[in-house]
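Coordinates in review
What follows is the residue order along each chain.
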Amino acid sequence: MHSISPIDTTPPRYHGPLHPLNKDAFRKRISVLALRVPPNKTNSIIKSTTLRRFLIGAPKLSPVVKDPSNPDGDRLVLLRITEQAQLSPEAQGIIDHDCVGFANYTVDLDYDYWTATEILAAVLPEELVEGSPVGFAATGHVAHFNLNDEYLPYKYAIGQVFLDKNKQIETVVNKLHEIDTQFRFFRMELLAGRPDYVVTHHESNCRFTFDFSQVYWNSRLHPEHDRIVKLLDPSDILADVFAGVGPFAIPAAKLGCGIFANDLNPNSAKYLSQNVVNNNVEDLVRVSCEDGRSFIRDVFMRPIENPFQPYTGPRKSKTLERKLQKQAAKSTSTPQDQTDRVALPLRRTITHLVMNLPDSAISFLDAFRGVLSTPVLIAHYTKMPLVHCHCFTRELEEDRARVDVLKRVEQVLGHSVSEDVCIVHVRSVAPGKEMYCISFRLPREVALGEVAES
């Protein structure tokens with residue numbers, strides 16, 4: 001008996017144009033031996049432990065097909081062999097007892113059969129196959145890559161393949177190495193699909209709409225967004241210095257927090273405002289489009305001049321709110337939530353600030369010097385707010401990285417930080433580049449301006 005080998009279902013090597021790919025070049029015909037089996041016997045045949053090792057066993061290929069010459073008659077059970085002599089005596093005995101006979105069958109494979117990885121293995125030079133893209137990051141309907149230089153000659157083929165193989169994707173882009181220097185979003189080029197970069201992305205039970213080509217968004221930061229929001233109490237006021245389109249601000253507002261959300265990029269501020277409305281948190285999020293340094297200096301006075309209503313419990317849906325309003329209109333008694341609002345104080349003090357601009361956020365920390373130096377602010381801020389500042393470091397060892405981050409923060413503040421200090425590794429950004437978040441309570445001496453200007 002001859003040895004049994006898996007049938008070769010790999011795609012043929014591709015030698016056609018790269019843009020666009022010639023899909024007709026990806027065709028393969030495989031001749032196999034098949035058993036003619038009565039329909040009522042097929043289940044026992046394919047479950048037979050003796051015959052199982054002879055079945056075709058190829059991904060996405062059913063071992064049972066209809067006979068093209070007689071679709072309503074016997075079924076064909078496909079084998080991975082081409083000659084009857086390759087069968088064992090035990091297998092031949094079962095076939096003689098339960099099957100009608102043998103037939104030759106041709107399996108036709110085409111472009112649609114193979115995965116993106118398999119197609120690229122046929123397209124790319126052999127030396128590039130091992131490190132080729134096997135997946136992508138998706139934001140809404142946009143798939144985005146960060147292709148290494150050696151794959152750039154094949155970028156349009158890569159884009160086309162992943163577009164074809166992922167029905168939920170409509171646009172494929174490659175992020176370029178250059179970054180907009182003012183607003184810090186990645187520039188990108190279209191590889192495949194339609195040039196539509198306005199996406200709707202769902203995260204943390206929130207809906208975000210934005211132009212992916214004009215604002216910064218990174219889905220890999222989802223765990224960090226959640227981590228920061230979980231540090232908040234619903235009664236807090238959060239100042240988001242570099243808010244983007246709202247990945248911290250919107251979930252925090254849904255929690256119940258009052259939010260001052262700022263971004264210098266007008267497109268970010270535009271979509272942030274739209275997301276505030278779309279997520280029904282207009283009463284809790286106040287959007288601004290300012291330089292981060294000016295925002296830090298001015299934001300502490302804003303809740304004093306225009307405070308947030310007190311937190312009175314989990315937010316209700318608009319449908320329930322309308323129902324309760326109708327009931328209240330018919331009732332002569334005071335609604336319970338209105339009674340609670342009267343009893344609780346207005347929210348006038350910022351309790352947390354988040355600074356998610358890791359490339360330069362530390363350099364903005366000197367703006368905190370003297371932010372609470374006026375008598376009215378000193379009177380309200382008996383407890384200093386927590387600052388959550390994201391940054392990069394070139395130190396790869398966590399102990400050394402924490403020392404580096406803390407040293408740079410204290411140098412810019414002009415004062416040591418020692419209260420509620422927490423330094424968390426967020427993610428590895430690139431070889432030799434790590435992202436951290438340092439949280440600390442703003443030193444009172446800094447807030448009151450009692451440190452020397454550097």
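Cut-offs used in this document
- Residues numbered from 1 in each chain as written.
- Predicted model: local features only at pLDDT ≥ 70, side-chain atom pairs only at ≥ 80, totals over all residues.
- Heavy atoms only, no water.
- UniProt positions renumbered as here; feature names shortened; annotations may be inferred.
- Helix = DSSP H or I, 4+ residues; strand = E, 2+ residues; numbered from the N terminus.
- Rg over C-alpha atoms; globule rule 2.2 N^0.38 Å.
- Buried < 20%, exposed > 50% of the residue type's maximum accessible area, 1.4 Å probe, protein only.
- Contact = heavy atoms within 4.5 Å.
- Areas by Shrake-Rupley, 256 points an atom, 1.4 Å probe, with all protein chains shown as cover.
- Pairing = 2+ DSSP bridges.
- Axes fitted to C-alpha atoms, helices over the stretch in contact; angles between N-to-C directions.
- 1 Å grid on protein atoms, 1.4 Å probe; cavity = no way out; pocket = protein on both sides within 12 Å on 5 of 7 lines; lining within 4 Å.
- Points joined across faces, edges and corners; volume = space filled by probe spheres on them.
- Nonpolar A, V, L, I, M, F, W, Y, C, P; charged D, E, K, R; others polar.
- Phe/Tyr/Trp six-rings, centres within 6.5 Å; stacked < 30°, edge-to-face > 60°.
- Lys NZ or Arg CZ within 6 Å of the ring centre and 35° of its normal.
- Domains from an automatic or database assignment.
- Polar contact = N/O pair within 3.5 Å; in protein donor to acceptor, adjacent residues only side chain to side chain.
- Salt bridge = Lys/Arg side-chain N within 4 Å of Asp/Glu carboxyl O.
- Arc of directions from axis to C-beta.
- Core = buried A, V, L, I, M, F, W, Y, C linked by side-chain atoms within 4.5 Å.

- Per an unreviewed UniProt entry, the protein chain is named tRNA (guanine(37)-N1)-methyltransferase, and its organism is Armillaria gallica.
- Under the UniProt heading Function (unreviewed entry), the entry covering the protein chain gives this text: "Specifically methylates the N1 position of guanosine-37 in various cytoplasmic and mitochondrial tRNAs. Methylation is not dependent on the nature of the nucleoside 5' of the target nucleoside. This is the first step in the biosynthesis of wybutosine (yW), a modified base adjacent to the anticodon of tRNAs and required for accurate decoding."
- Per UniProt, the protein chain has the following entry under Subunit (unreviewed entry): "Monomer."

1. Some remarks on the overall build of the protein chain
- When you go through the protein chain residue by residue, the secondary structure sums to 15 helices and 17 strands.
- Computed over its C-alpha atoms, the radius of gyration of the protein chain comes to 32 Å, more than 25% above the 22 Å expected for a compact globule of 454 residues.
- Principal-axis analysis of the C-alpha atoms places the extent of the protein chain at approximately 100 × 65 × 40 Å.
- A buried classification covers 46% of the 454 residues belonging to the protein chain.
- When contacts within the protein chain are restricted to residue pairs at least 6 apart in sequence, those whose partners lie at least 24 apart make up 71%.
- Looking at the protein chain as shown, the accessible area adds up to about 22,700 Å², and 50% of this sits on carbon and sulfur atoms.

2. A few points about the sheet that holds strand β14 (residues 352-355)
- The 7 strands lie next to each other as β13-β12-β11-β14-β15-β17-β16, forming an open sheet whose pairing is mixed. The open sheet is flanked by β13 (285-288) and β16 (422-430), the only strands paired with a single partner. Mean inter-strand twist for the sheet, computed between neighbouring axes without regard to direction, equals 15°.
- Of the pairings in the sheet, the one linking strand β15 (residues 386-393) to strand β17 (residues 433-441) comprises 8 bridges and is antiparallel in character. Across the sheet, the residue bridging to Phe392 is Met435, located in β17.
- On the sheet, helix α9 (residues 292-299) packs against β11 (237-240), β12 (258-262), β13 and β14 and is oriented at approximately 150° with respect to β12.
- Those strands touched by helix α14 (residues 398-413) are β15, β16 and β17, and its axis lies near 55° from that of β17.

3. Details of the sheet that holds strand β1 (residues 28-37)
- On the basis of which strands lie adjacent, the open sheet formed by 4 strands has the order β2-β3-β1-β4 and antiparallel pairing. At either end of the open sheet lies a strand with only one pairing partner, and these are β2 (64-67) and β4 (101-109). The mean angle between the axes of side-by-side strands here comes to 45°, regardless of whether they run parallel or antiparallel.

4. As for empty space enclosed by the protein
- On inspection of all chains with the given rule, the structure shows 1 cavity of 30 Å³ or more.
- Quantified by volume, the largest cavity comes out at close to 30 Å³.
- The residue makeup of the lining of the largest cavity, split by class, is 6 nonpolar, no polar and 1 charged.

5. With respect to the packing of aromatic side chains
- Applying the stated criterion across every chain yields a total of 13 aromatic pairs.
- Plain terms: the ring middles of Tyr113 and Trp114 are 5.6 Å apart, the flat faces sit at 80° to each other, and that makes the pair edge-to-face.
- Judged by its relative accessible area of 10%, Tyr113 is buried.
- Seen from the ring of Phe308, Arg286 lies directly overhead, with NZ or CZ sitting 3.8 Å from the centre.

6. What about the domain arrangement of the protein chain?
- Under the domain assignment used here, the protein chain contains domain 1 (28-109), domain 2 (116-196) and domain 3 (218-307 + 345-448).
- Measuring from the centre of the C-alpha atoms in domain 1 to the corresponding centre in domain 2 gives 41 Å.

7. Quick look at the UniProt feature "binding site: S-adenosyl-L-methionine" (unreviewed entry) in the protein chain
- Those residues carrying the UniProt feature "binding site: S-adenosyl-L-methionine" (unreviewed entry) are His225, Asp263, Leu264, Asp291, Gly292 and Asn356 in this numbering.
- In this view, His225 contacts Glu203, Asn218, Pro247 and Phe248; residues no more than four positions away in its chain are not counted.
- A polar contact is formed between the side chain of His225 and the side chain of Glu203, at a distance of 2.7 Å.
- Note on placement: Asp263 falls in the loop between β12 and α8 (266-278).
- At 2.9 Å, the side chain of Asp263 forms a polar contact with the backbone nitrogen of Asn265.

8. Comments concerning the pattern of salt bridges
- On inspection of all chains with the given rule, the structure shows 17 salt bridges.
- Notably, a salt bridge pairs Lys155 with Glu189, separated by 3.0 Å at the nearest N-O pair. Residue Lys155 is located in helix α5 (residues 155-165), and its partner Glu189 is located in strand β8 (residues 186-193); the two are separated by 34 residues in the primary sequence. When sorted by exposure, Lys155 lands in the same class as Glu189, which is buried.

9. Brief notes about helix α3 (residues 116-123)
- Of all the residues in α3, the buried ones are Ala116, Ile119, Leu120, Ala122 and Val123. Angular distribution of buried residues about the axis of α3 spans 160°; they occupy a single face of the element.
- Tucked into the core, α3 has its buried residues touching α5.

10. Topic: the nonpolar core
- Counting 78 residues, the largest nonpolar core has Phe300, Met355, Leu365 and Phe368 as its most contacted members.
- The element that contributes the greatest number of residues to this core is β17, accounting for 5 residues.
- If you count residues domain by domain, this core takes at least three from each of domain 2 (116-196) and domain 3 (218-307 + 345-448).
- Excluding anything up to four places from it in sequence, Phe368 contacts Ile296, Phe300, Leu353, Met355, Val387, Leu442, Val446 and Ala447.
- Among the nonpolar cores identified, the runner-up in size contains 39 residues, and Ile7, Leu124, Leu191 and Ala192 belong to it.

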